[in-house]
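Understanding the architecture of this molecule
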Amino acid sequence: MKSKVIFQDIEALVSEFAPNLTLLSDKEILVTGGNGFIPSYIIDTISTFNSFLERSCKITIMNRSRITSSSRLSHLIGDPNVTFISQDVGKKFDIPGSPQIIIHAASRSNPISFLDKPIDTIYTNVGGMRTLLDYSKNNALDAFLFFSSSEVYGDPPPENIPTPETYQGRLDCLGDMACYSESKRLCETLGRAFFKEYGVPFQSLRIFHTFGPGIRNDGKTITNLFYQGMNEGKILLRDSGASKRSYSYISDTVRGIFYVLFKGIRGEAYNIGTDLNNVSVKEMAEMIGGSLGGVPVTVPLDYSSKTNPILNRAPDISKLKSFGFKPKFQLKEGIERLRDHYLEVGF
């Protein structure tokens, strides 16, 4: 399901990366969790560029839930170059076809599900990673991209904000969020070990907070703020809104991923995000309220949190910038684009 904003974003990505995308001619790509927010943009970009290729790139999309007419990638049902497979990657599975590129993006994606299903969160992350790496050690690949997370850093102290890839993290292995953050860390360790021992071309994408068209209303802060503003005419924060984040618009996040795919060094990790903003949740809510015509934002007098929110998270993207990457989207423009998407297609 595409909106006008998504079409515009995809056209811009195709235009920018056309010389690199030609390298995907006659390749097979496997994407786990492909119907997800970020990987769906990658798939749309490649499938759109297929019309310019003499020999198309074949894409296999593995997703836990079956693709239906209401799914993000429903417009690709029937595309001869796209195959959908319903599979829980937390369970043992066979690798379809003979992919030269693997993009492992399957994972639970919001804190509510981490807390409700911690064991499944671990099995999905680690089990899927092991199955894909076992295949990769015996089958030569061009690339193996793993969707990690800024959660691997835990709660960095102020002197490590913005956070570089060299920061080793500060986490509580018994904390509620540990099922996600520690399993992502283990996946990175597995990937690096398979790179060293078997030459698997592993790269880790430590993705920071990303928003934009297609993001699901599944409890994430930014979608919750938009949903309240658009449907209730007011925004009530869950707490003081003091926690700060750097919010990357989806196109900039995908651009960063393509830079790693086409220019990155194998065996290494890369922060994926933006350095154009670092705002509090309250400031973000006020910007969303402003984009909706002046929706008021209220801070509760009493609040509690189950998840110990991080006080600040911002990426140091110097390593990514060394390849020529520069984020393009200011926060205000990204919020307006997300608003326009919601107004067209809803939540």
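Anyway, here's the lowdown on the structure attached to this text.

Helix length check: helix 4 (residues 118–138), at 21 residues, gives a terminal C-alpha distance of 31 Å against a target of 30 Å (1.5 Å per residue), a fit within 8%. Regarding helix 4, the residues found buried are Thr121, Thr124, Asn125, Val126, Gly128, Met129, Thr131, Leu132, Leu133, Asp134, Tyr135 and Ser136. The elements touched by buried residues of helix 4 are strand 1 (28–32), strand 4 (101–104), helix 3 (111–116), strand 5 (143–147), helix 5 (178–198) and strand 6 (202–207).

On to the pattern of salt bridges. Side-chain pairs of opposite charge can arise whenever the charged atoms involved come near each other. Within this structure, the stated rule accounts for 21 salt bridges. With a shortest N-O distance of 4.0 Å, Lys2 and Asp44 are connected by a salt bridge. Of the two residues, Lys2 sits in the segment before helix 1 (4–21) while Asp44 sits in helix 2 (residues 37–49), which places them 42 residues apart along the sequence. Residue Asp44 is classed as buried on the basis of its relative accessible area, which comes to 0%. A salt bridge links Asp252 to Arg255, with the shortest nitrogen-to-oxygen separation between them at 2.9 Å. Of this pair, Asp252 and Arg255 both sit in helix 7 (residues 250–263), separated by three residues, roughly a single helical turn.

Let's shift gears to the sheet that holds strand 5. Ordered by their spatial adjacency, seven strands build an open sheet running 3-2-1-4-5-6-11, and the pairing between neighbours is parallel. The outermost strands of the open sheet, each flanked by one partner alone, are strand 3 (82–86) and strand 11 (269–272). With strand direction ignored, the average angle separating the axes of adjacent strands in the sheet is 15 degrees. With four bridges joining them, strand 1 and strand 4 adopt parallel strand pairing. Residue pairing in the sheet places Val31 in a bridge with Ile103 of strand 4. Each of strand 1, strand 2 (58–63), strand 4, strand 5 and strand 6 is contacted by helix 2, which is oriented at about 160 degrees to strand 2, the strand it contacts most.

Topologically, Thr45 is positioned in helix 2. Those residues in contact with Thr45 that lie beyond four places of it in its chain are Ile10, Leu13, Val14, Leu21 and Phe258.

Turning our attention to the packing of helix 1 against helix 2. It is the contact of helix 1 with helix 2, at a shortest axis distance of 9 Å, that shows an interaxial angle of 65 degrees. In this structure, helix 1 meets helix 2 at a crossing whose hand is right-handed. Residues Ile6, Asp9, Ile10, Leu13, Val14, Ala18 and Leu21 of helix 1 touch helix 2, and the partners they reach there are Tyr41, Asp44, Thr45, Ile46, Thr48 and Phe49. When grouped by side-chain class, the residues that make up the contact of helix 1 with helix 2 number nine nonpolar, two polar and two charged.

Cut-offs applied
- Residues numbered from 1 in each chain as written.
- Predicted model: local features only at pLDDT ≥ 70, side-chain atom pairs only at ≥ 80, totals over all residues.
- Heavy atoms only, no water.
- Helix = DSSP H or I, 4+ residues; strand = E, 2+ residues; numbered from the N terminus.
- Expected span 1.5 Å × (residues − 1).
- Buried < 20%, exposed > 50% of the residue type's maximum accessible area, 1.4 Å probe, protein only.
- Contact = heavy atoms within 4.5 Å.
- Salt bridge = Lys/Arg side-chain N within 4 Å of Asp/Glu carboxyl O.
- Pairing = 2+ DSSP bridges.
- Axes fitted to C-alpha atoms, helices over the stretch in contact; angles between N-to-C directions.
- Left-handed = near helix turned anticlockwise from the far one by under 90°.
- Nonpolar A, V, L, I, M, F, W, Y, C, P; charged D, E, K, R; others polar.

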